[in-house]
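Residues per chain are reported as follows:
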Amino acid sequence: MSDLRTHAAEIAEQFSDHLDVDEDEVAERLENLVEEYRVPVDEARRSVVNSYLEEAGLERDEIGRGGNDEVLLADIDQDEQWIDVTAKVVELWEPRSDSIAQVGLLGDESGRTKFVAFETSDLPKLEAGAVYRLGNVVTDEYQGNFSVKLNKTTSIEELDEDIEVGDDSVTVEGALVDIQSGSGLIKRCPEEGCTRVLQNGRCSEHGDVEGEFDLRIKGVLDDGEEVYEVIFGRDVTEELTGVTLEEAQQMAKDALDTTVVVEEMREDLLGTYYRVSGPELGRYVLADDVERLTEPADPEAVLIKARSI
Ligand SMILES: [Zn+2]
């Protein structure tokens, strides 16, 4: 391929999600500038890119660099790289800010990575459990944790396939010294693809909704040297407490108060030693697997310690 053909192919690729750009047409425009008007190649390229940007109504930073590599999530090790990924939406979380449209966890064969989509990018919503080919996402790094940001130029293609999400789990152990607020019997938004925990019956995205009950524990394990924040989902929580979701709902109904559930969990579980395995996500270990190591040794001592952190 000649030099100009290569440039033409790259430019066509850069705009492929925005315009119906024909590679031959790009090559012709480049050739015209370079051969007819003796414009240096770089300048010709800039000029052609600018005219397509204008046509598409885009800013320069809104288009990718073209020809991204398809990268496995676990291989992301640099900030601000433009990449393509094929991944499953493992979880969606509650955005902490109005500027965030969606935040959650993507997974592929290699592991899991957080993703963020901003309101300004105006992208279609991803659905939990679905697999997508995401073109033109940008890597981001915060305190050694990598994530990907979707942006205006990101292409989203839903694939009719499943991905066996790879295991990148860690194992921590310690005494359960705290069960944090947001634990116990909670309600989640029932809207499709939204799993946000409701605050006073309200989803931050969908407003007042008839929530769906769920069980979870946001806990703190202390091994004497370090503390680990862990999240137990419904299955693990039911297993640890011996209380099913239905039973928890009945307890809340009888007491006319949902907090009885978390209170009982605190009584039963605090002070017990656990070994927890699961993927690490930001500051949390998401418990896929929990093993009870001992009965609570001295609940009183642990509780005193819990109050001190
Ligand atoms: Zn919602």
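Keep in mind that what you see is a predicted model, and the values were worked out from it rather than measured. (Residues numbered from 1 in each chain as written. Predicted model: local features only at pLDDT ≥ 70, side-chain atom pairs only at ≥ 80, totals over all residues. Heavy atoms only, no water.)

A few points about the overall build of the protein
The cut-off we apply is this: What counts as a helix is a DSSP run of H or I of at least four residues, what counts as a strand is a run of E of at least two, and both are numbered from the N terminus. Put simply, the radius of gyration uses C-alpha atoms, and a globule should come to 2.2 Å times the residue count raised to 0.38. Residue contacts follow a heavy-atom distance rule, with two residues in contact if any of their heavy atoms lie within 4.5 Å. Only the protein chains shown count as cover for residues, and all accessible areas are computed by the Shrake-Rupley method using a 1.4 Å probe. Charge counting follows a simple rule: Lys and Arg are positive, Asp and Glu are negative, and His as well as the terminal groups are ignored. Lysine's charge is taken at NZ, arginine's at CZ, aspartate's at CG and glutamate's at CD.
Scanning the protein from N- to C-terminus turns up seven helices and 16 strands. Compactness check: the protein gives a C-alpha radius of gyration of 25 Å against a globular reference of 19 Å for 309 residues, more than 25% above the reference. With the C-alpha coordinates of the protein rotated into their principal frame, the extents come out at 85 × 40 × 35 Å. A sequence separation of at least 24 residues applies to 60% of the contacts in the protein between residues at least 6 apart. With the model as given, the accessible surface of the protein reaches about 16900 Å², and the carbon-plus-sulfur share is 42%. Here the protein carries 29 positive and 77 negative side-chain charges, and the mean point of each set is 5 Å from the other.

Some remarks on the pattern of salt bridges
Let me state the cut-off plainly: The working definition used for a salt bridge is a side-chain nitrogen of Lys or Arg within 4 Å of a carboxyl oxygen of Asp or Glu.
The tally for this structure, following the rule as stated, stands at 18 salt bridges. In this structure, Glu-10 engages Arg-45 in a salt bridge whose closest nitrogen and oxygen atoms are separated by 2.8 Å. Here the residue Glu-10 occupies a position in helix α1 (residues 3-14), and Arg-45 occupies one in helix α3 (residues 41-56), the gap between them amounting to 35 residues.

Some words on the coordination of the zinc ion
In a perfect tetrahedron of four donors around a metal, the angles come out at 109.5 degrees. In a perfect octahedron of six, they are 90 or 180 degrees. Definition in use: Only nitrogen, oxygen and sulfur atoms qualify as donors, provided they sit within 2.8 Å of the metal or within 3.2 Å for Na, K and Ca; with water excluded from the atoms, sites may seem incomplete. When four donors show all angles between 85 and 135 degrees the site is tetrahedral, when four or six donors have opposite pairs over 155 degrees and all other angles between 65 and 115 it is square planar or octahedral respectively, and in every other case it is irregular. Any residue under 20% of the maximum accessible area for its type is buried, any over 50% is exposed, and the rest in between are partly exposed; the area is computed with a 1.4 Å probe on protein chains only.
Looking at the zinc ion, one finds its protein donor set to be Cys-189 (SG), Cys-194 (SG), Cys-203 (SG) and His-206 (ND1), positioned 2.1 to 2.3 Å from the metal centre. Around the zinc ion sit four donor atoms; with metal-centred angles ranging over 105 to 114 degrees, the donor geometry is tetrahedral. In the primary structure, the donors to the zinc ion are separated according to the pattern C-x4-C-x8-C-x2-H. Judged by relative accessible area, which is 5%, Cys-194 ranks as buried. Given the relative accessible area of 1%, Cys-203 is considered buried.

Quick notes on the nonpolar core
Note the following rule: Side-chain atoms within 4.5 Å are what join buried Ala, Val, Leu, Ile, Met, Phe, Trp, Tyr and Cys residues into a set we call a nonpolar core.
Ranked by internal contacts, the top residues of the largest apolar core, which has 26 residues, are Ile-179, Leu-221, Phe-232, Tyr-274, Val-276 and Val-290. Counting residues per element, the ones that place at least two in this core are β8 (169-179), β12 (212-222), β13 (227-232), α4 (234-241), α5 (245-255), α6 (259-269), β14 (273-281) and β15 (284-287). A per-element tally of this core places α6 first, with four residues. Once you skip the residues sitting within four places of it in the chain, Val-290 turns out to touch Phe-232, Val-236, Glu-239, Leu-240, Tyr-274, Arg-275 and Val-276.

Quick look at α6
Spelled out, the test is: Throughout, the arc means the angular range of directions from the helix axis out to the C-beta atoms.
Every buried residue belonging to α6 is among Val-261, Val-262, Met-265 and Leu-269, and all of these are buried. Summarising the axial view, the buried residues of α6 lie within an arc of 90 degrees, below the 170-degree limit, and thus occupy one face. Where α6 is buried, its residues meet β8, β9 (184-188), β12, α4, α5 and β14. Following α6 by one or two positions, Gly-271 has its phi on the positive side, about 95 degrees.

Describing the packing of α1 against helix α2 (residues 23-36)
To characterise two packed helices, one gives the angle between the axes of the helices and the distance between these axes. Note the cut-off: The angle between two axes is taken between their N-to-C directions and runs from 0 to 180 degrees, where each axis is a line fitted to C-alpha atoms and a helix contributes only its stretch in contact. Geometric relationships in this document are graded by angle, where less than 35 degrees denotes roughly parallel, more than 145 denotes roughly antiparallel, 65 to 115 denotes roughly perpendicular, and other angles denote oblique. Each crossing is labelled by how the near helix is turned from the far one, with a counterclockwise turn of less than a right angle marking it left-handed and a clockwise turn marking it right-handed. Under the convention adopted here, Pro, Cys and the residues Ala, Val, Leu, Ile, Met, Phe, Trp and Tyr are nonpolar, Asp, Glu, Lys and Arg are charged, and Gly plus all remaining residues are polar.
At their nearest, the axes of α1 and α2 sit 8 Å apart, and the two run at 130 degrees to each other. In terms of axis orientation, α1 runs oblique to α2. Crossing geometry of α1 relative to α2 is assigned as right-handed. Every residue of α2 that contacts α1 at Leu-4, Arg-5, His-7, Ala-8, Ala-9, Ile-11 and Ala-12 is listed here: Glu-23, Asp-24, Val-26, Ala-27, Leu-30, Glu-31, Val-34 and Glu-35. Residues of the contact of α1 with α2, tallied by class, amount to nine nonpolar, one polar and five charged.

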